[in-house]
Amino acid sequence: MSRDNQFDVIIIGTGAGGGTLAYHLAPSGKRILILERGDYVAREKDNWDPKAVNVDAKYNTKELWRDLDGKELHPHTNYYVGGNTKFYGAALFRLRQKDFGEIRHHGGISPAWPISYDELEPYYTQAENLYQVHGNRGEDPTEPPAGKAYPWPAVSHEQRIQHLADDFRAAGLNPFHTPLGVMLDEKNPRLSPCIRCNTCDGFPCLVHAKSDAQVLCVDPALQYPNVTLLTNALVKRLETDGAGREVHEVVVERNGILETYCGSIVVVSCGAINSAALLLRSANDRHPNGLANRSDVVGRHYMGHTNSVLMAISKCPNPTIFQKTLSVNDFYFGSKDFDYPMGHISFVGKLDAITLRAGAPAIAPGFTLELMAKHSLDFWLTSEDLPDPSNRVTINRDGEIVLTYTPNNLKAHDQLKAHLQRAMKQSTCSIHGHQCHEGLFARNLYVGQRIPLAGVAHQNGTIRFGRDPKTSALDANCKAHDLDNLYVVDGSFFPSSAAVNPGLTIMANALRVGDHLLQRLRVPIAEYAANGSKSTMAPAVVG
Ligand SMILES: Cc1cc2nc3c(=O)[nH]c(=O)nc-3n(C[C@H](O)[C@H](O)[C@H](O)COP(=O)(O)OP(=O)(O)OC[C@H]3O[C@@H](n4cnc5c(N)ncnc54)[C@H](O)[C@@H]3O)c2cc1C
Ligand code: SF4
């Protein structure tokens, strides 16, 4: 193999995990190859078009997966430079401190992580700086201890959301500002990269002002001559050496041609479902159940959160443009009348009639879809789903991904909805009093109330890390127990899913694993921190 195909580190995937790791390793001078199956998202007006994005699913992969019965699944996932962070809502939460320990839920046990919150804390701070998170410490009653303030003040509420926050507070709750990765400078609106628009959550940012892994990590990493990115490079298999101890070759399909690359270290970061699929597809004589799978956990314990979108319709309109500023965690670990964790309440981007029409939700009495869209507060509810070994990713005889999932811990989610309903009934307005709230309506763009199987936005857990090689595939550094040079840094490593969005934890963990890799590559970390990219490369928000 020519030197052109040999690298110190190969990173597969450019999302929250892979993109962040590439950024962290870039100043090391090591030869780094980044392989990404997708291309850059085209910058075009459709980026912000609700029909193109939500109805035509223009940017979703056209890849077909199957459910257990062989029925087609059209996964709501995106293959681009930056991965799903190009489309995410950029709500960037730390897990709660207790999420790292074992927690009893109504539906069973959420297992402990092999690392403590304290071990990840400095990396959360780094990730919040890198992804320019806007938030206010001290408002969220479940917030874990943090060494530093957020790098940017919280994104302010618009009037209707501020009114709701006041109502919730009057009802005894502790609403807080959602920590958000958008490059908004409210003090200098004329110079602010982010224009606070209504097409953020689920949409790519046309003006590159969302804190995504392409803009903040991959592109800056590519300024280093030692870093190479190949797009449209689909990794098909990982081949091991004869002893089966090392990944020896990465087999890539590019422009219809198979190519092979070698890396002293190979990092898989394809997203929890595709990473598991890649390891399973790479089975060989030494690893007959798939790579790194002596434990038989690869592909198992798939989690994706139990999520619902609920529209609270009020008689008063909701003219909010950027709606994702408010969250409620008062029920995260339980309440007086339900002594188990329930989860997290926040918002999706403001729903519009075009998007609603595609799903034909139940219509509130006396309302049209247009009126509903104008009057709804659009809540996003997240409850923890528990790691069940039968919920899993497998590969069928045709090489397609099969996703098997039976929802669990649903009582917690039902209780969360009931608690929100109660809180909304207490909301009031000067014109209609408590009668302003008309009820909660599910946005059933998808059939039924919960986001279904194809909604894999929060996928995690399929290559769990742990201390025991019999029950986990990765060690505490996210290195495969069974191989000496294989790491995984996407959402696969979660042993439990908690109930806040996973992005920031994936980013922070990638930085943590990055430090481990720098040590392994004998790059002096102290010097690195002083000269590295952290302070100089991140595009600063003007102002
Ligand atoms: C609409 C939407 C809204 C969301 N909102 C939030 C939010 O507000 N907050 C939050 O924290 N999270 C949110 N998420 C989830 C968040 O985006 C993911 O948790 C995060 O991006 C996962 O990071 P990852 O590195 O595991 O995988 P990804 O970001 O999915 O990256 C995986 C990358 O690997 C590439 N790849 C896959 N297979 C291969 C292969 N075989 N060869 C080469 N490349 C491959 C993919 O193209 C992709 O670029 C949202 C997701 C979606 C879809
Ligand atoms: S301009 Fe701001 S609000 Fe609009 S998509 Fe970009 S980051 Fe999101």
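This text follows the structure it describes.
Rules used throughout
- Think of each chain on its own: its residues are numbered from 1, step by step along the sequence as written.
- Both sets of labels track the order of writing: A upward for chains, 1 upward for ligands.
- In keeping with the model being predicted, local features are shown solely for residues with a pLDDT of at least 70 and side-chain atom pairs are shown and tallied solely at 80 or more, while totals for entire chains, interfaces and linings include all residues.
- With hydrogens and water set aside, each side-chain value is computed from the structure's full complement of heavy atoms.
- Starting at the N terminus, helices and strands are each numbered in turn, a helix being any DSSP run of H or I of at least four residues and a strand any DSSP run of E of at least two.
- Exposure is judged per residue with a 1.4 Å probe applied to protein chains only, and the accessible area is read against the type maximum: over 50% gives exposed, under 20% gives buried, and values in between give partly exposed.
- Note on definitions. A residue lies near a molecule or strand when any single heavy atom of the residue is within 4 Å of it.
- Under this definition, polar contacts are N or O atom pairs within 3.5 Å; protein pairs additionally need one hydrogen-donor-capable and one acceptor-capable atom, and for neighbouring residues in sequence, both atoms have to be side-chain atoms.
- The accessible surface values rely on the Shrake-Rupley method and a 1.4 Å probe; as for residues, cover is taken only from the protein chains in view.
- Charged residues are taken to be Asp, Glu, Lys and Arg, nonpolar residues to be Ala, Val, Leu, Ile, Met, Phe, Trp, Tyr, Cys and Pro, and polar residues to be all remaining types, Gly included.
- Strand pairing requires that DSSP identify at least two bridges connecting the strands.
- Contacts are residue-level and defined by heavy atoms, with any inter-residue pair within 4.5 Å sufficient.
- For every element, the axis is a line fit to its C-alpha atoms; helices are fit only across the contacting stretch, and the angle between N-to-C directions ranges from 0 to 180 degrees.
- Nonpolar core, defined: a set of buried Ala, Val, Leu, Ile, Met, Phe, Trp, Tyr and Cys residues in which side-chain atoms within 4.5 Å join the residues together.
- Residue count minus one, scaled by 1.5 Å, sets the expected span of a helix.
- Along the arc lie the directions from the helix axis toward the C-beta atoms.
- Here roughly perpendicular refers to angles of 65 to 115 degrees, roughly parallel to angles under 35, roughly antiparallel to angles over 145, and oblique to all remaining angles.
- If you view the pair so one helix is near and one far, a crossing is left-handed when the near helix is turned anticlockwise from the far one by less than a right angle, and right-handed when it is turned clockwise.
- We call Phe, Tyr and Trp rings a pair once their centres come within 6.5 Å, taking the six-membered ring for Trp, and we label the pair stacked below 30 degrees between planes, edge-to-face above 60, and tilted otherwise.
- Here a salt bridge means any side-chain nitrogen of Lys or Arg lying within 4 Å of a carboxyl oxygen belonging to Asp or Glu.

### A look at unusual backbone geometry
Working step 1: At Asp296, a residue that is not glycine, the phi angle is positive and equals roughly 65°.
Working step 2: Here Asp296 lies in the loop between helix H6 (272–281) and strand E12 (306–314).
Working step 3: Since its relative accessible area comes to 31%, Asp296 is described here as partly exposed.
Working step 4: Located in the positive-phi region is Asn409, a residue other than glycine, with phi close to 60°.

### Regarding the site of ligand 1
Working step 1: Surveying the vicinity of ligand 1 reveals 36 residues, the closest of which are Gly17, Glu36, Asn84, Ala91 and Gly503.
Working step 2: In the environment of ligand 1, a nitrogen atom lies 2.8 Å from a nitrogen or oxygen atom belonging to the backbone of Ala91.
Working step 3: Its free accessible area being 1000 Å², ligand 1 has 93% of it covered by the protein chains.
Working step 4: If you list the elements that add at least two residues to the shell around ligand 1, you get helix H1 (16–25), strand E9 (233–240) and helix H10 (503–520).
Working step 5: In terms of residues, the shell around ligand 1 owes the most to one element, E9, which gives 3 residues.
Working step 6: Grouping the constituent residues of the shell around ligand 1 by class yields 16 nonpolar, 16 polar and 4 charged.

### So, the site of ligand 2
Working step 1: Neighbouring ligand 2 are 13 residues; Cys194, Ile195, Cys197, Cys200 and Cys205 lie closest to it.
Working step 2: Classifying every residue of the shell around ligand 2 by side-chain character gives 10 nonpolar, 1 polar and 2 charged.

### Quick look at the sheet that holds strand E4 (residues 72–73)
Working step 1: Spatially, the 4 strands line up as an open sheet ordered E4-E3-E17-E16, and their pairing is mixed. Both edges of this open sheet fall to E4 and strand E16 (392–395), since each of them pairs with a single strand only.
Working step 2: Sheet topology note: the strand E3 (residues 65–67)/strand E17 (residues 401–404) ladder contains 2 bridges and is parallel. Bridge pairing links Asp67 to Leu403 in E17.
Working step 3: H6 contacts E3, E16 and E17 of the sheet and is inclined by roughly 40° relative to E16.

### Let's talk about the nonpolar core
Working step 1: Core analysis: the largest hydrophobic core is formed by 123 residues, its most contacted members being Ile12, Leu35, Tyr131, Leu238, Val250, Val267 and Leu486.
Working step 2: Among the elements that make up this core, the one with the highest residue count is H10 (9 residues).
Working step 3: The residues contacting Val267, other than those within four sequence positions of it, are Val9, Ile10, Ile11, Ile12, Leu21, Tyr487, Val489 and Leu517.

### Digging into helix H4 (residues 159–170)
Working step 1: Between its first and last C-alpha atoms H4 spans 16 Å; for 12 residues at 1.5 Å apiece the expected length is 16 Å, and the two agree.
Working step 2: Along H4, the residues classified as buried are Arg160, Ile161, Leu164, Ala165, Asp167 and Phe168. On an axial view of H4, the arc spanned by its buried residues comes to 160°, and they lie on one face. In H4, the exposed positions that point more than 90 degrees away from the buried face belong to Gln159 and Ala170.
Working step 3: Of the surrounding elements, those touching the buried residues of H4 are E12, strand E13 (326–327), strand E14 (344–347), strand E15 (376–383) and helix H9 (410–425).
Working step 4: In the segment just after H4, Gly172 is the residue with positive phi, at about 95°.

### A few points about the packing of helix H3 (residues 117–130) against H10
Working step 1: Following both chains from N to C, one finds H3 and H10 inclined at 110°, their axes separated by 8 Å at the closest point. With respect to each other, H3 and H10 are oriented roughly perpendicular. Considering how the two elements wind past one another, H3 and H10 form a crossing that is right-handed. Touching Glu119, Leu120, Tyr123, Tyr124, Gln126, Ala127, Glu128 and Leu130 of H3 are Leu504, Thr505, Met507, Ala508, Asn509, Leu511, Arg512 and Asp515, all from H10.
Working step 2: Residues that form the contact of H3 with H10 fall into these classes: 9 nonpolar, 3 polar and 4 charged.

### As for the packing of aromatic side chains
Working step 1: Under the definition given, this model contains 17 aromatic pairs.
Working step 2: An angle of 85° between the planes, with centres 5.6 Å apart, marks the rings of Trp113 and Phe465 as edge-to-face. Here Trp113, found in the loop between strand E6 (108–110) and H3, pairs with Phe465, found in the loop between strand E18 (437–442) and strand E19 (486–488); they are 352 residues apart in sequence, far enough to count as distant.
Working step 3: Trp113 gets classed as buried once you look at its relative accessible area, which sits at 6%.
Working step 4: Pairing Phe465 with Phe493 gives two aromatic rings, centres 5.0 Å apart and planes at 85°, and the pair type is edge-to-face.

### Focus: helix H5 (residues 213–221)
Working step 1: Most of H5 sits out of view: 8 of its 9 residues are buried.
Working step 2: Buried-residue contacts for H5 involve H1, H3 and strand E8 (227–230).
Working step 3: Where H5 begins, the side chain of Asp212 points an oxygen toward the backbone nitrogen of Gln214, at a separation of 2.9 Å.

### A few points about the pattern of salt bridges
Working step 1: Taken as a whole and judged by the stated rule, the model has 20 salt bridges.
Working step 2: Residue Glu44 is joined to Lys58 by a salt bridge in which the shortest nitrogen-to-oxygen separation is 3.2 Å. Of this pair, Glu44 sits in the loop between strand E2 (32–35) and helix H2 (50–55) while Lys58 sits in the loop between H2 and E3; the two residues are 14 residues apart in sequence, bridging distant segments of the chain.
Working step 3: Judged by its relative accessible area of 26%, Glu44 falls in the partly exposed class.
Working step 4: When its relative accessible area of 34% is taken as the criterion, Lys58 is described as partly exposed.
Working step 5: A salt bridge links Glu253 to Lys236, with the nearest nitrogen and oxygen atoms 3.7 Å apart. Linking Glu253 in strand E10 (residues 247–254) with Lys236 in strand E9, this pair joins segments that are 17 residues apart in sequence.
Working step 6: By relative accessible area, which is 29% here, Glu253 ends up partly exposed.
Working step 7: In the salt-bridge network here, residues are joined through shared partners; they are Arg94, Glu121, Glu128 and Arg137.

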